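These are the residues of each chain, in order.
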Amino acid sequence: MSSKKIETQKISLTEIQELVTNIFLKQGCNQENAIALANTITKAEEDGSSSHGLFRLPGYVASLKSGKVNGHASPKVINKTPVILKCDADNGFASTSHEVALPLLAESAKKNGISVLSITGCYHFAALWPETEFLAKNNLVGFACTAFKPSVAPAGAKEPFFGTNPISMAWPKKNDHPVVFDMATATMAKGEVMIAARDGHMLPDGVGLGENGQPSNDPKDILKGVLLPFGGYKGSAISMMVELFAAGLTGDAFSYEAQENDNNDGGPPKGGEFIMAINPEIIAESNWEDHCDDFFQKLSAIKGVRLPGSRRHKNRNSDQYRFINEELLIKVKSYL
């Protein structure tokens, strides 16, 4: 499989934000929903995560065109207890729910030491780090997870049952960007496999099985087959945990249920998201920042170590222009 010559076009983040906002307004979103989605996509491009930026826009638009997603969603949050919040996404994209619910979650955790948020009836099609990093920037520890449609085989199997089931954790760092990780519990996020197929790149060993059930390095073959969990049985167990937190604990759809109920329009299925915020100031007391800062300094001093999230933060601090796949940009602009 030979790599294709990739033509790109330089575009500013401000132009991306305006372009995406106008597209969603035209495709059936009101101002609140359009801005929330545009913020999510622009953040992904700003941080260098092309698999979760403009690459996802056709899926968002397909979900609006099919009528599956409510582009005028008005999420509602209720406090089931002082520390347990429940957000009804009103059949909208998760980004809008985050704008409404995350400040309330942060407020609850700051006051009570810990708080959890379940979002139900939402369509999550983005990275998870914006949620957890928001919490870390409020001096809270953040954790989030969500399920998807089946595309990952449990360890020992060759048939998909789990979603790529990402998890994210963010930890506040003294006078610096938070430490943030966001990872699929599959060996590779499906969006990255799709980009490799588009661009003609082979994949490393262990990513997935081809259509015939045998290990493959060809992304097109793997997309016809199945992804594998990272770390064998260990990743498979974590993927199961995500199903239970994001579906069992929220009362929303497991991956197989999301598949059964989805119209397969190319966009995300409806499901749940579990988010937790923890206040270390209450739990660990006042020396926690210095204590953890010493830990991070010692970890960073080890040759070859890069703290999770540092690559994204470096991209964020670079210039305000990005090079976008030209074919993708033409397709995106066709929605105007």
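Remember, it's a predicted structure, so these values are computed and weren't measured experimentally. (Residues numbered from 1 in each chain as written. Predicted model: local features only at pLDDT ≥ 70, side-chain atom pairs only at ≥ 80, totals over all residues. Heavy atoms only, no water.)

A.B. asks: It is not clear to me how the sheet that holds strand 2 (residues 76–81) should be interpreted in this structure. Could you clarify?
C.D. replies: The strands that make up a sheet are held in pairs by hydrogen bonds between backbone atoms, and each pair lies either parallel or antiparallel. Strand order across the open sheet formed by seven strands is 2-3-4-11-5-6-7, with mixed pairing between neighbours. Of all the strands in the sheet, just strand 2 and strand 7 (179–183) have a single pairing partner and so form its edges. Looking at each pair of strands side by side, their axes are set apart by 15° on average, direction ignored. Two strands pair when backbone bridges link them, and strand 6 (residues 167–171) and strand 7 are joined in this way by five bridges, in the antiparallel orientation. Each residue of the ladder has a partner; that of I167, found in strand 7, is M183. On top of the sheet, helix 4 (residues 94–112) reaches strand 2, strand 3 (84–88), strand 4 (114–123) and strand 11 (270–278); it is set at about 170° to strand 4, its chief contact. (Pairing = 2+ DSSP bridges. Helix = DSSP H or I, 4+ residues; strand = E, 2+ residues; numbered from the N terminus. Axes fitted to C-alpha atoms, helices over the stretch in contact; angles between N-to-C directions. Contact = heavy atoms within 4.5 Å.)

A.B. asks: Sorry if this is basic, but what is going on with the nonpolar core here?
C.D. replies: General note: in soluble globular proteins, nonpolar side chains tend to be found buried as a group. V20, F24, L54, L57 and Y60 are the most contacted members of the largest nonpolar core, which has 29 residues in total. Listed by contribution, the elements that provide at least two residues to this core are helix 1 (13–26), helix 2 (31–46), helix 3 (57–65) and helix 13 (326–333). When residues in this core are grouped by element, the largest group, six residues, is from helix 1. Listed in part, the 18 residues of the second largest apolar core include L102, A106, L117 and L135. (Core = buried A, V, L, I, M, F, W, Y, C linked by side-chain atoms within 4.5 Å. Buried < 20%, exposed > 50% of the residue type's maximum accessible area, 1.4 Å probe, protein only.)

A.B. asks: Would you mind going over the state of the cysteines with me for this structure?
C.D. replies: What is meant by a disulfide is a covalent connection between two cysteines, made through their sulfur atoms. Scanning the model with the defined rule gives zero disulfides in all. C87 takes part in no disulfide bond, and the closest cysteine sulfur, belonging to C122, lies 8.0 Å away. (Disulfide = S-S within 2.5 Å.)

A.B. asks: Please clarify how empty space enclosed by the protein should be interpreted in this entry.
C.D. replies: One way to see where empty space is left: roll a probe the size of a water molecule over the atoms. All told, the structure shown has two cavities of 30 Å³ or more when counted by the stated rule. If you go around the largest cavity, you meet 14 residues; those closest to its centre are T146, A147, P269, K270 and G271. Every element with two or more residues in the lining of the largest cavity is listed here: strand 4, helix 9 (255–261) and strand 11. With three residues, the top contributor of residues to the lining of the largest cavity is strand 11. (1 Å grid on protein atoms, 1.4 Å probe; cavity = no way out; pocket = protein on both sides within 12 Å on 5 of 7 lines; lining within 4 Å. Points joined across faces, edges and corners; volume = space filled by probe spheres on them.)

A.B. asks: Please explain the pattern of salt bridges as it appears in this structure.
C.D. replies: For side chains bearing opposite charge, pairing can occur when the charged atoms are close. Under the counting rule described, the total for this entry stands at eleven salt bridges. A salt bridge links R316 to D47; its shortest N-O distance comes to 2.6 Å. A residue pair is termed long-range when its members are at least 10 positions apart, and R316 in helix 12 (residues 310–316) and D47 in the loop between helix 2 and helix 3 qualify at 269 residues. The shortest N-O distance in the salt bridge between D319 and R322 comes to 3.9 Å. What emerges from the salt-bridge pattern is a single network uniting D47, E133, K137 and R316. (Salt bridge = Lys/Arg side-chain N within 4 Å of Asp/Glu carboxyl O.)

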